[in-house]
Amino acid sequence: MTAGRPFTCSVFIGTSLDGFIARADGDLGWLTSRGEAAGGDLGYQEFADGIDTVVMGRGTYEPGLTYDLWPHEGKHVAVLSTTLEEGADPRVTVYRDLDRLLRGLAERGTKSVYVDGGQVIRAFLRAGLIDEITITTVPVLLGTGLPLFGPLGGDVPLVHLSTRVFGAGVVQSTYAVERPDSRPSPVLDQGLK
Ligand SMILES: NC(=O)c1ccc[n+]([C@@H]2O[C@H](COP(=O)([O-])OP(=O)(O)OC[C@H]3O[C@@H](n4cnc5c(N)ncnc54)[C@H](OP(=O)(O)O)[C@@H]3O)[C@@H](O)[C@H]2O)c1
């Protein structure tokens, strides 16, 4: 339970070292090839087992339609979009804006949300809605592309929770967003584990 809403919101996303989540044309080969070289699922299944709802933007939903398998079986999937036709895909619920989405999720009894897509993650961050961020960084600089982060309207203080180093130079760090009302115990430098 988080102040003002009955569910937690977490990010689990892969980026280049310079902070891009896709090339400008949506290409993800630079990420998936290095993820495969690292081996295993990089903790994704464990993360996915802990969430009941996926929220994504149209920019993430539409490329996902080309995958062989629907990756969110058993989860409620909410897509934020002002343009997608509502009801066209029975696997997802389309929400037109953040307010309606938050109301809808609360009414459904949502407990834990996976927030995906760069624009949507930034909207959640600006609204103070993100609780935890796991970023898997692959060793490449793209120089340009679709960013993960952008203007926030204020600092977002983070508490480092863990860092894991996988094969192929893939590094994954998890942070909690520090809340004014939370008093995190001092985090000792845990180093890389
Ligand atoms: N590296 C990774 O792990 C990773 C993860 C996820 C996605 N991706 C990639 O990232 C790209 C997509 O990211 P993105 O930042 O371009 O887009 P995105 O956040 O997935 O989607 C953006 C779209 O969502 C809708 N939207 C966003 N905020 C909204 C709001 N507050 N209210 C209503 N609608 C809202 C808008 O759709 P309308 O224009 O219809 O209004 C907007 O164009 C894709 O290439 C995807 O494959 C990579």
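See above for the structure.
Being a predicted model, the structure only gives us computed values, none of them experimental.

1. Here's the deal with the site of the ligand
At step 1: Close to the ligand lie 23 residues, the nearest being Arg 58, Thr 60, Ser 81, Thr 82 and Thr 83.
At step 2: The separation between a nitrogen atom of the ligand and a polar main-chain atom of Gly 14 is 2.7 Å.
At step 3: Isolated, the ligand exposes 930 Å² of accessible area, and the fraction of that covered by the protein chains is 83%.
At step 4: The cavity that encloses the ligand is the largest pocket.
At step 5: For the shell around the ligand, the per-class residue count stands at eight nonpolar, 11 polar and four charged.

2. So, helix H5 (residues 118-126)
The α-helix winds at 3.6 residues per turn, so residues separated by three or four positions along the chain end up facing the same way.
At step 1: Every buried residue of H5 is listed here: Gly 118, Val 120, Ile 121, Arg 122, Phe 124 and Leu 125.
At step 2: Taken from the residues just after H5, Gly 128 is the one with a positive phi, measuring 70°.

3. A closer look at the layout of surface pockets
At step 1: What the largest pocket holds in volume is close to 1,600 Å³.
At step 2: The wall of the largest pocket is formed by 48 residues, among which Leu 28, Thr 60, Tyr 67, Tyr 114 and Asp 116 lie closest to the centre.
At step 3: Per-element accounting of the lining of the largest pocket gives the leading share, six residues, to helix H3 (residues 58-64).
At step 4: Here the lining of the largest pocket is built from residues that sort into 22 nonpolar, 19 polar and seven charged.
At step 5: Roughly 230 Å³ of volume is contained in the second largest pocket.
At step 6: When residues of the lining of the second largest pocket are traced back to their parent elements, those giving at least two are strand E1 (8-16), helix H2 (44-49), strand E6 (112-116), strand E9 (158-165) and strand E10 (171-177).
At step 7: The biggest single contributor to the lining of the second largest pocket is E1, with three residues.
At step 8: Its residues assigned to classes, the lining of the second largest pocket comprises four nonpolar, nine polar and two charged.

4. With respect to the sheet that holds strand E4 (residues 76-80)
The pairing of strands in a sheet comes from backbone hydrogen bonds and takes either a parallel or an antiparallel form.
At step 1: An order of E5-E4-E3-E6-E1-E7-E10-E9 is seen for the eight strands of this open sheet, with the pairing classed as mixed. Every interior strand has two partners, whereas the edge strands, strand E5 (92-95) and E9, have only one. Strand after strand, the sheet turns through a mean of 20° between neighbouring axes, direction not considered.
At step 2: Where E1 lies against strand E7 (residues 132-138), seven bridges are found, and the strand directions are parallel. Bridging from a neighbouring strand, Val 11 pairs with Ile 133 of E7.
At step 3: Each of E1, strand E3 (53-57), E4, E6 and E7 touches H5; the most contacted strand, E6, lies at about 125° to it.

Rules used in this analysis
Residues numbered from 1 in each chain as written. Predicted model: local features only at pLDDT ≥ 70, side-chain atom pairs only at ≥ 80, totals over all residues. Heavy atoms only, no water. Near = heavy atom within 4 Å. Polar contact = N/O pair within 3.5 Å; in protein donor to acceptor, adjacent residues only side chain to side chain. Areas by Shrake-Rupley, 256 points an atom, 1.4 Å probe, with all protein chains shown as cover. 1 Å grid on protein atoms, 1.4 Å probe; cavity = no way out; pocket = protein on both sides within 12 Å on 5 of 7 lines; lining within 4 Å. Sits in = over half its atoms within 2 Å of the grid points. Nonpolar A, V, L, I, M, F, W, Y, C, P; charged D, E, K, R; others polar. Buried < 20%, exposed > 50% of the residue type's maximum accessible area, 1.4 Å probe, protein only. Helix = DSSP H or I, 4+ residues; strand = E, 2+ residues; numbered from the N terminus. Points joined across faces, edges and corners; volume = space filled by probe spheres on them. Pairing = 2+ DSSP bridges. Axes fitted to C-alpha atoms, helices over the stretch in contact; angles between N-to-C directions. Contact = heavy atoms within 4.5 Å.

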